[in-house]
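Observations on the model geometry
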Amino acid sequence: MATTPTTGSTVSSAAGVTRFGLGTAAVGRPGYINLGREADLPTGRSVAGLRQRTHELLDQAFAAGVRYLDTARSYGLAEEFLGEWLAGHPQAAREVTVGSKWGYTYTADWQASGVSVHEVKDHSVEVFDRQIAESRTLLGKRLDVYLVHSVTPDSPALTDAALHGRLAALAAEGIRIGLSTSGPAQAATLRAAGGVTVDGQPLFSAVQSTWNVLEPSAGPALAEAHAAGWLVVIKEGMANGRLAGRHATTPWTAPLRAVAAETGAGPDAVALAVAAAQPWADVVLSGAATSEQLASNLAAAELRLTAGQLAALAPLAEPAEEYWRTRSALPWA
């Protein structure tokens with residue numbers, strides 16, 4: 001890994017819970033690609049059941065010290081659930097940072113499976129105008145960060161001057177504008193976004209990218225963004241469950257299990273602690289769907305990984321193209 005030092009015994013101090021955020025992708029809708037959902041969600045996955053689960057996780061996360069909350073227009077009713085929770089917790093609403101994303105439209109009609117298309121991607125001005133209005137209706141003045149969802153090098157979000165003008169106007173209101181990235185060209189996307197300006201000023205100042213021990217390829221570009229003053233948020237630190245305890249049982253995950261045994265934490269916490277050990281990472285998201293998962297994830301805040309432990313995990317990295325092929329094959333469930 002690019003940021004692993006070669007000297008010293010301890011290379012990561014305890015990150016602190018405030019370095020961790022809670023994402024709502026797994027609980028705002030009945031279907032998602034995380035592994036093990038059949039055992040995680042309430043029976044029936046009703047709107048009422050997932051609303052309650054989301055609110056319980058938000059209560060737990062805030063009580064533990066989490067202060068960054070992530071959602072998106074395409075996460076089913078996640079913005080609605082989060083907005084309700086914020087309205088009912090005015091003190092918490094003053095303390096947290098809320099990030100949301102636009103650019104995908106949820107189309108699964110509250111179905112977990114048997115749907116050919118769960119979300120439709122469109123980074124046009126028309127979709128931005130519709131979705132920022134929807135986000136503001138649900139989140140009100142509590143929207144702090146607004147990201148273009150899942151930008152790749154061919155996205156018009158990098159070239160559309162009219163869209164850039166809309167985003168710059170939103171930034172002028174005090175909302176931090178950024179993008180999330182996906183795919184094997186995350187680094188190229190991020191560097192292209194860094195060159196986008198409006199009236200001579202950089203447009204983007206936040207990014208949410210996939211980074212984990214299997215897919216660390218965006219690391220150098222994320223370090224550059226952090227050095228430029230961007231907010232850097234890490235998503236999918238557990239690779240959609242591939243690095244979680246009940247799934248980290250294959251021979252190739254032996255180094256992860258070994259470090260977990262040494263630290264007394266779960267493989268999930270170790271995976272998130274590695275992400276938090278990157279000096280450019282401002283926030284590392286938990287995508288927990290249960291109280292037990294959230295508690296286990298947040299144990300990462302107490303881990304101090306050594307240079308030897310980080311080095312032992314480095315060989316888990318896969319070629320980016322291979323990682324994203326595997327991810328794209330994960331079924332919605």
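See above for the structure.
What you are looking at is a predicted structure, and each value in this text was computed from that prediction instead of being measured.

**A few points about the overall build of the protein**
- If you tally the helices and strands in the protein, you get 13 helices and twelve strands.
- Taken over the C-alpha trace, the protein has a radius of gyration of 19 Å; the compact-globule value for 333 residues is 20 Å, and the two agree within 12%.
- Across its three principal directions, the C-alpha atoms of the protein cover 50 × 50 × 40 Å.
- A total of 333 residues make up the protein; the buried ones form 55% of that total.
- Within the protein, contacts between residues at least 6 apart in sequence are counted, and of these 80% link residues at least 24 apart.
- Here the protein has roughly 12,900 Å² of accessible surface; of this, 54% comes from carbon and sulfur atoms.

**Topic: the side chain of S209**
- Relative to the helices and strands, S209 is located in strand β10 (residues 206-210).
- Engagement of the side chain of S209 in a polar contact is seen with the side chain of T181, the distance being 2.6 Å.
- Once residues within four sequence positions are removed from consideration, S209 is found in contact with T181, Q186, L222, V233, I234 and K235.

**A look at the packing of aromatic side chains**
- Per the stated rule, a full pass over the model turns up five aromatic pairs.
- Judged by centre distance (5.2 Å) and plane angle (70°), the ring pair of W102 and F128 falls under edge-to-face. In this pair, W102 is assigned in strand β3 (residues 97-102) and F128 in helix α5 (residues 125-139), connecting sequence segments 26 residues apart. For the pair shown, W102 and F128 are each scored as buried.
- Considering the side-chain rings of W211 and W280, the 5.8 Å spacing of their centres and the 75° angle between planes classify their relative orientation as edge-to-face.

**Here's the deal with the pattern of salt bridges**
- What the rule picks out here adds up to 13 salt bridges.
- Notably, a salt bridge pairs R67 with E95, separated by 3.2 Å at the nearest N-O pair. Placement of the pair is R67 in the loop between α2 (47-64) and β2 (68-70) and E95 in helix α4 (residues 90-95), with a sequence separation of 28 residues.
- Via salt bridges that share partners, R73, E79, R130 and E134 belong to a single interconnected network.

**So, unusual backbone geometry**
- Even without being glycine, R45 reaches a positive phi, approximately 50°.
- Positive phi, close to 55°, is recorded for D109, a residue that is not glycine.
- Looking at the secondary structure, you find D109 in the loop between β4 (104-106) and β5 (119-121).

**As for the sheet that holds strand β12 (residues 283-286)**
- Spatially, eight strands are ordered β1-β2-β3-β6-β7-β10-β11-β12 in a closed barrel, and the strand pairing comes out parallel. If you compare each strand with its neighbour and ignore which way they point, the axes differ by 25° on average.
- Note that strand β1 (residues 20-23) and β2 share three bridges and pair parallel. Counted as the bridge partner of G23 is D70 from β2.
- Contacting β1, β11 (231-235) and β12, helix α10 (residues 267-276) runs over the sheet at an angle of about 160° to β12.

**A closer look at the environment of Q309**
- Its location among the elements puts Q309 in helix α12 (residues 307-313).
- With relative accessibility at 12%, the residue Q309 sits in the buried group.
- Between the alpha carbons of Q309 and A260 there is a distance of 9.7 Å; along the sequence they are 49 residues apart.
- Those residues in contact with Q309, other than ones at most four positions away along the chain, are V259, E262, T263 and R304.

**Examining the environment of A265**
- Here A265 shows up in the loop between α9 (254-263) and α10.
- When its relative accessible area of 17% is taken as the criterion, A265 is described as buried.
- Each C-alpha atom, one on A265 and one on L303, is 8.1 Å from the other, the two residues being 38 residues apart in sequence.
- Dropping the residues within four chain positions of it, A265 is found in contact with A260 and L303.

**A short note on the nonpolar core**
- Grouped together as the largest cluster of nonpolar side chains are 93 residues, with contacts concentrated most on Y146, L167, F204, L222 and I234.
- By residue number, the principal contributor to this core is α10, which donates eight residues.
- If we skip the residues at most four places from it in the chain, I234 touches S209, W211, L222, A275, W280, A281, V283, V284 and L285.
- Among the nonpolar cores identified, the runner-up in size contains eight residues, and Y68, L147, A206 and V233 belong to it.

**A word on helix α11 (residues 291-298)**
- Buried within α11 are the following residues: L294, N297 and L298. For α11, the buried positions fall inside an angular range of 90° around the axis, keeping them on one side.

**Points about the pairing of β11**
- For β11, a buried count of five out of five residues is recorded, marking the element as mostly surrounded by other parts of the structure.
- Every second residue of β11 is oriented toward a common face, with L231, V233 and K235 on one face and V232 and I234 on the other, all of them buried.
- Two elements, β10 and β11, share five bridges in a ladder whose sense is parallel. Directly across from S209, in β11, lies its bridge partner I234.
- Viewed along the sheet, the connection from β10 through helix α8 (residues 219-227) into β11 turns out right-handed.

Conventions used here
Residues numbered from 1 in each chain as written. Predicted model: local features only at pLDDT ≥ 70, side-chain atom pairs only at ≥ 80, totals over all residues. Heavy atoms only, no water. Helix = DSSP H or I, 4+ residues; strand = E, 2+ residues; numbered from the N terminus. Rg over C-alpha atoms; globule rule 2.2 N^0.38 Å. Buried < 20%, exposed > 50% of the residue type's maximum accessible area, 1.4 Å probe, protein only. Contact = heavy atoms within 4.5 Å. Areas by Shrake-Rupley, 256 points an atom, 1.4 Å probe, with all protein chains shown as cover. Polar contact = N/O pair within 3.5 Å; in protein donor to acceptor, adjacent residues only side chain to side chain. Phe/Tyr/Trp six-rings, centres within 6.5 Å; stacked < 30°, edge-to-face > 60°. Salt bridge = Lys/Arg side-chain N within 4 Å of Asp/Glu carboxyl O. Pairing = 2+ DSSP bridges. Axes fitted to C-alpha atoms, helices over the stretch in contact; angles between N-to-C directions. Core = buried A, V, L, I, M, F, W, Y, C linked by side-chain atoms within 4.5 Å. Arc of directions from axis to C-beta. Right-handed = clockwise from strand over helix to strand, strands pointing away.

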